Amino acid sequence: MRKNIVAGNWKMNKNLQEGIAFAQELQVAIADNDKVKCEVIISTPFIHLASVSAAIDTKKINVAAQNCADKASGAYTGEVSAAMVASTGAKYVILGHSERRSYYGETDAILKEKTVLALANELKPIFCIGETKEERESNKHFDVVKTQIENALFELSAADFGKIVLAYEPVWAIGTGLTATSAQAQEMHAFIRKTIADKYGKEVADNTSILYGGSCNPGNAKELFSCPDIDGGLIGGASLKVADFMGVIAGME
Ligand code: PGA
């Protein structure tokens with residue numbers, strides 16, 4: 001059966017020392033809490049990955065990158081390859097976050113390359129999809145999300161698709177304090193699962209973890225996570241303080 005996951009996305013926050021201290025504090029908080037019912041992931045800036053992985057027990061807290069290059073290696077100044085990410089001990093990589101798509105021009109075609117390279121290096125992609133406010137208001141949200149999945153992921157084999165975690169993150173809810181209602185989120189998650197089932201069959205769809213992201217916090221996590229097709233969250237702002245992040249994790253019952 002699919003896993004429940006709560007993943008923190010630090011984005012461009014925390015210097016190295018702050019990142020290590022946070023990870024160690026989180027590890028203590030999780031060890032002291034027997035109610036943690038999900039896999040916990042922290043997604044750090046590239047330069048923190050190796051040190052954070054070494055500072056904690058990565059069997060208890062998984063570490064993720066927030067991106068990787070769309071090329072395997074070579075003369076690509078400033079880029080970080082999937083192989084480099086994997087060599088730090090990270091097990092996951094966030095791909096296709098809306099900030100990458102909108103600020104850095106990442107297209108479905110680029111994300112397809114990144115996904116293939118991540119999988120070839122045994123990194124599990126946390127693949128983000130989601131519509132803008134205008135797309136929802138013009139009732140295009142289902143088409144937009146379906147196209148993002150089809151274009152980037154539907155040439156994968158069923159075995160490779162089975163390694164993907166999806167994160168539905170409506171762009172209008174990210175960092176805005178505007179959360180999708182649990183009904184809106186559940187409706188989209190069920191649609192995503194059906195889209196996967198139509199392509200890869202019910203078993204693959206039922207085994208795919210689909211996370212919700214966008215202003216998820218300790219106050220709304222429980223309601224969101226109790227929806228049948230919501231298997232956890234990708235958490236930005238509320239993942240930056242241990243108490244807040246533990247509050248979100250506690251929403252998974
Ligand atoms: P937020 O970010 O929780 O701050 O809205 C979520 C995300 O961007 O992954």
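Scroll up to find the structure this text is about.
Residues numbered from 1 in each chain as written. Predicted model: local features only at pLDDT ≥ 70, side-chain atom pairs only at ≥ 80, totals over all residues. Heavy atoms only, no water.

Observations regarding helix α1 (residues 16–31)
Link 1 in the chain: In this model, α1 (16 residues) spans 23 Å end to end at C-alpha, consistent with the 22 Å of a helix rising 1.5 Å per residue.
Link 2 in the chain: Listed in full, the buried residues belonging to α1 are Gly19, Phe22, Ala23, Leu26 and Ile30. Buried positions in α1, seen along its axis, are confined to an arc of 100° and lie on one side of it. Along α1, exposed side chains directed more than 90 degrees from the buried face belong to Gln17 and Ala31.
Link 3 in the chain: Looking at the buried side of α1, the elements it contacts are β2 (39–43), α2 (49–55), β3 (61–65) and α12 (242–249). (Helix = DSSP H or I, 4+ residues; strand = E, 2+ residues; numbered from the N terminus. Expected span 1.5 Å × (residues − 1). Buried < 20%, exposed > 50% of the residue type's maximum accessible area, 1.4 Å probe, protein only. Arc of directions from axis to C-beta. Contact = heavy atoms within 4.5 Å.)

Things to note about the site of the ligand
Link 1 in the chain: Close to the ligand lie 13 residues, the nearest being Lys11, His97, Glu169, Gly175 and Ser215.
Link 2 in the chain: In this structure, glycine 175 approaches the ligand through a main-chain N or O atom, which is 2.6 Å from an oxygen atom.
Link 3 in the chain: Note that an oxygen atom of the ligand is positioned 2.8 Å from one of the backbone N or O atoms of serine 215.
Link 4 in the chain: Across the complex, the protein chains shield 95% of the 290 Å² of accessible surface that the ligand would expose by itself.
Link 5 in the chain: Broken down by class, the residue content of the shell around the ligand amounts to four nonpolar, seven polar and two charged. (Near = heavy atom within 4 Å. Polar contact = N/O pair within 3.5 Å; in protein donor to acceptor, adjacent residues only side chain to side chain. Areas by Shrake-Rupley, 256 points an atom, 1.4 Å probe, with all protein chains shown as cover. Nonpolar A, V, L, I, M, F, W, Y, C, P; charged D, E, K, R; others polar.)

Considering the packing of helix α7 (residues 141–153) against helix α9 (residues 182–200)
Link 1 in the chain: For the pair α7 and α9, the least separation of the axes is 11 Å and the interaxial angle reads 40°. Relative to α9, the element α7 is oriented oblique. Where α7 crosses over α9, the two elements pack in a sense that is right-handed. Contacts between α7 and α9 involve His141, Phe142, Val145, Lys146, Ile149 and Leu153 from the first element and Glu187, Met188, Phe191, Ile192, Thr195 and Tyr200 from the second.
Link 2 in the chain: Taken together, the residues that form the contact of α7 with α9 break down as eight nonpolar, two polar and two charged. (Axes fitted to C-alpha atoms, helices over the stretch in contact; angles between N-to-C directions. Parallel < 35°, antiparallel > 145°, perpendicular 65-115°, else oblique. Left-handed = near helix turned anticlockwise from the far one by under 90°.)

Brief notes about the pairing of strand β4 (residues 92–95)
The side chains of a regular strand alternate, residue by residue, between the two faces of the sheet.
Link 1 in the chain: Of the two faces of β4, both are covered, the one formed by Tyr92 and Ile94 as well as the one formed by Val93 and Leu95.
Link 2 in the chain: Judged from the two bridges that link them, β3 and β4 form a sheet pairing that is parallel. Opposite alanine 64, over in β4, you have tyrosine 92 as the bridge partner.
Link 3 in the chain: In this fold, the crossover linking β3 to β4 by way of helix α3 (residues 82–87) has right-handed handedness.
Link 4 in the chain: The pairing of β4 with strand β5 (residues 124–129) spans four bridges and is parallel. Counted as the bridge partner of tyrosine 92 is lysine 124 from β5. (Pairing = 2+ DSSP bridges. Right-handed = clockwise from strand over helix to strand, strands pointing away.)

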